[in-house]
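# What the coordinates show
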Amino acid sequence: MRIRGVSSGLQGTTQVPGDKSISHRAVMLGALAQGETVITGFLAGEDCLATIACFRDMGVDIRRQDNRVQIQGAGLHGLQQPEQPLYVGNSGTTIRLLLGILSGQVFPSVINGDASIQKRPMARVANPLRLMGARITGEGDLAPLTISPAGTLTGIDYLLPVASAQVKSALLLAGMYAKGVTSVTEPAPSRDHTEIMLASFGVAIKRQGLTASVEGPVVLQGREIAVPGDISSAAFLLVAALIIPDSEVVIRQVGINPTRSGIIDVLRAMGGNIEVQQLTSNLAEPVADILVRSSELRGVTVEGDIIPRLIDEIPAIAVAAAFAKGTTIIRDAAELKVKESNRIAAMVQGLMAMGGDVSELDDGLVIRGGKALHGAAIESRGDHRIAMAFAVAGMAACGETNIGNEDCIPVSFPGFAEILRQLGANVQMDGE
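Computed from a prediction, not measured in an experiment: that's the story for all the values here.

Once that is clear, we can look at the environment of I274. Of note, I274 is situated in strand β16 (residues 273-282). You can call I274 buried: its relative accessible area is 6%. Once the C-alpha coordinates of I274 and I52 are considered, the two residues, 222 residues apart in sequence, prove to be 35 Å apart. Beyond its immediate chain neighbours, meaning those up to four positions away, I274 contacts L242, I264, L267, R268, I290, L291 and V292.

Taken in spatial order, the four strands of this open sheet run β2-β15-β17-β16, and their pairing is mixed. On the outer flanks of this sheet lie β2 (11-14) and β16, each paired with one strand and no other. Between one strand axis and the next, the sheet turns through 15 degrees on average, direction left out of account. As paired strands, β16 and strand β17 (residues 285-293) are joined by eight bridges and run antiparallel to one another. By the bridge assignment, V276 is partnered in β17 with I290.

Quick look at empty space enclosed by the protein now. Following the criterion strictly, the structure yields two cavities of 30 Å³ or more and no others. Mapped onto the lining of the largest cavity, the elements with two or more residues apiece are α6 (193-200) and β14 (224-226). Of all the elements, α6 adds the most residues to the lining of the largest cavity, at four residues. Tallied by class, residues from the lining of the largest cavity come to eight nonpolar, three polar and one charged. Split by domain, the residues of the lining of the largest cavity number at least three in each of domain 1 (2-18 + 228-428) and domain 2 (20-226).

Another point: the UniProt feature "binding site: phosphoenolpyruvate" (unreviewed entry) in the chain. Under the UniProt annotation, "binding site: phosphoenolpyruvate" (unreviewed entry) lies at K20, G92, R120, Q166, R343 and R385. Restricting the annotated residues to those that line the largest pocket leaves K20, G92, R120, Q166, R343 and R385. In this fold, Q166 is placed in helix α5 (residues 165-175). When neighbours within four sequence positions are excluded, Q166 is seen to be in contact with G92, T93, R96 and L97. Relative to the elements of secondary structure, R343 occurs in helix α10 (residues 343-353). Overall, R343 belongs to the buried group, its relative accessible area being 1%. Beyond its immediate sequence surroundings of up to four residues, R343 is in contact with D312, P315, L336, D383, H384, R385 and I386.

Residues L145 and I147 point to one face of strand β9 (residues 145-148) and are all buried, whereas T146 and S148, pointing to the other face, are not buried. Bridge count for strand β8 (residues 135-137) against β9 is three bridges, and the pairing is antiparallel. Looking at the pairing, I136 lines up with I147 of β9.

Okay, α6 next. The periodicity of an α-helix, 3.6 residues per turn, causes residues three or four places apart in sequence to face the same way. Of all eight residues in α6, seven are buried; the element is thus mostly enclosed. Taken residue by residue, α6 has H193, T194, E195, I196, M197, L198 and S200 as its buried positions.

In this chain, A143 is followed by P144 through a cis amide linkage whose omega measures 5 degrees. Omega for the peptide link from G216 to P217 comes to -5 degrees, which places this bond in the cis form. Considering the arrangement of structural elements, one finds P217 in the loop between β13 (211-216) and β14. Phi is positive for D66, close to 55 degrees, though the residue is something other than glycine. Here D66 lies in the loop between β4 (61-65) and β5 (68-72). With a phi angle near 55 degrees, N405 is a residue other than glycine that sits in the positive phi range. By the element assignment, N405 lies in the loop between β23 (400-404) and α12 (416-423). On the basis of relative accessible area, N405 is assigned to the partly exposed category, the value being 43%.

Taken as a whole and assessed by the stated rule, the structure comprises 23 salt bridges. Put simply, K168 and E186 hold a salt bridge, and the shortest N to O gap is 3.2 Å. One end of the pair, K168, is in helix α5; the other, E186, is in the loop between β11 (180-185) and α6, and 18 residues separate them in sequence. E186 matches K168 in its accessibility class, with the two residues each being buried. Between R343 and E340 there is a salt bridge, and its shortest N-O distance comes to 2.8 Å. Assigned by exposure class, R343 and E340 land together as buried.

Residues annotated by UniProt as "active site" (unreviewed entry) correspond here to D312. With respect to the helices and strands, D312 occurs in the loop between β18 (301-302) and α9 (314-322). Once residues within four sequence positions are removed from consideration, D312 is found in contact with R191, S232, K339, R343 and R385. Polar side-chain contacts of D312 include one of 3.2 Å to the side chain of R191.

Right, let's talk about the domain arrangement of the chain for a bit. The extent of an interface is frequently quoted as the accessible surface area lost upon association of the parts. You can read the domains of the chain as domain 1 (2-18 + 228-428) and domain 2 (20-226). Put simply, the middle of domain 1 and the middle of domain 2, counted by C-alpha atoms, are 29 Å apart. Residue-level contacts link 26 residues of domain 1 with 27 residues of domain 2. Of the roughly 2,300 Å² buried between domain 1 and domain 2 on both sides combined, carbon and sulfur atoms contribute 51%. Inspection of the domain 1/domain 2 interface yields two salt bridges. The closest approach of N and O atoms between E335 and R124, which form a salt bridge, is 3.9 Å. Residues that form the side of domain 1 that touches domain 2 fall into these classes: nine nonpolar, six polar and 11 charged.

Cut-offs used in this document
Residues numbered from 1 in each chain as written. Predicted model: local features only at pLDDT ≥ 70, side-chain atom pairs only at ≥ 80, totals over all residues. Heavy atoms only, no water. Helix = DSSP H or I, 4+ residues; strand = E, 2+ residues; numbered from the N terminus. Buried < 20%, exposed > 50% of the residue type's maximum accessible area, 1.4 Å probe, protein only. Contact = heavy atoms within 4.5 Å. Pairing = 2+ DSSP bridges. Axes fitted to C-alpha atoms, helices over the stretch in contact; angles between N-to-C directions. 1 Å grid on protein atoms, 1.4 Å probe; cavity = no way out; pocket = protein on both sides within 12 Å on 5 of 7 lines; lining within 4 Å. Points joined across faces, edges and corners; volume = space filled by probe spheres on them. Nonpolar A, V, L, I, M, F, W, Y, C, P; charged D, E, K, R; others polar. Domains from an automatic or database assignment. UniProt positions renumbered as here; feature names shortened; annotations may be inferred. Salt bridge = Lys/Arg side-chain N within 4 Å of Asp/Glu carboxyl O. Polar contact = N/O pair within 3.5 Å; in protein donor to acceptor, adjacent residues only side chain to side chain. Buried area = accessible area lost by both parts, 1.4 Å probe.

Take a look at the structure:
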């Protein structure tokens, strides 16, 4: 991907693809429900397509046309033993949430992913599932993992050491199969799409403060689901419009769930001119249009309880910080080291290559903004959010930025380059 600095501001109205987290969960619960589930606005990115492939391999009738998915639910106990290992590609959400579902099955299974997934830690999911009676084995708790029939799972009360929507979701999904109540308590709020969606499928999910509980076994009823736009994808457009002078962009129908909207809070704290308009509700998920105008940004400190609300958006925030006045400090984000890449190291190295003043912390980074950035050769490390972050940085920098392995971007944002071009960016994909 080749990006040159934008000569005039970004202008226009656009819409980002469907929310990745919600799309995953809609397929999973629709597959386990009774009756038909129809999903519109589905994110047809590689990660979510991997989730569909896994459930097809377990006998679920799933038909997709573009962003519309039709599922004939198999019921809670209707999955079939796959003939081969389930392959999740590069999707951490798929493997971690599926571990919870597979733990409750009467058949054995093996789950695996690509080289990146095989390096990502699974013990934080596998260990609490084992407390419920799950039988999960694998060398060093790394994929490939084997899940053996465990009989009836038993509900537990579990205190998460670190707020994690994936771990919480895996335990609640396993709790659907368990005897008794499964309760998960977090130290800080993480995204709550699983709880919202379980309730929408008719499950009596209970929430009190930072604790979510489900009593198994449950019955899920198929339904229609409209997936809102993904705020994690919108984040890159928000930052681009803020840092490129004379920009005004409207992003339509974005999900702004309070457990996900930390990016808006931080960008506003930095001085960003962001308006939330046309607020509505969809499946108890708030949805709105977002208007953003170019702004003079200032450095802030990002730490503590807000981190789980914006963990995936930190690469975009780091780019905004590089163009802000003053220093931005990001802490309590050590989880970034075990994403698709080590995102802390990737952002530090990339911003330094472009002339930024940035240093790495054990759990974050320090960005001393206001330096004039220039184009550079950036390696995405096969990480979609790193590739998109530096595409945005390149749009506001002088000269040309070249991003290697940009073919990872469709994992979460199909059509990313085309949307940027429609708004006025100078972006060219390899081969074009």
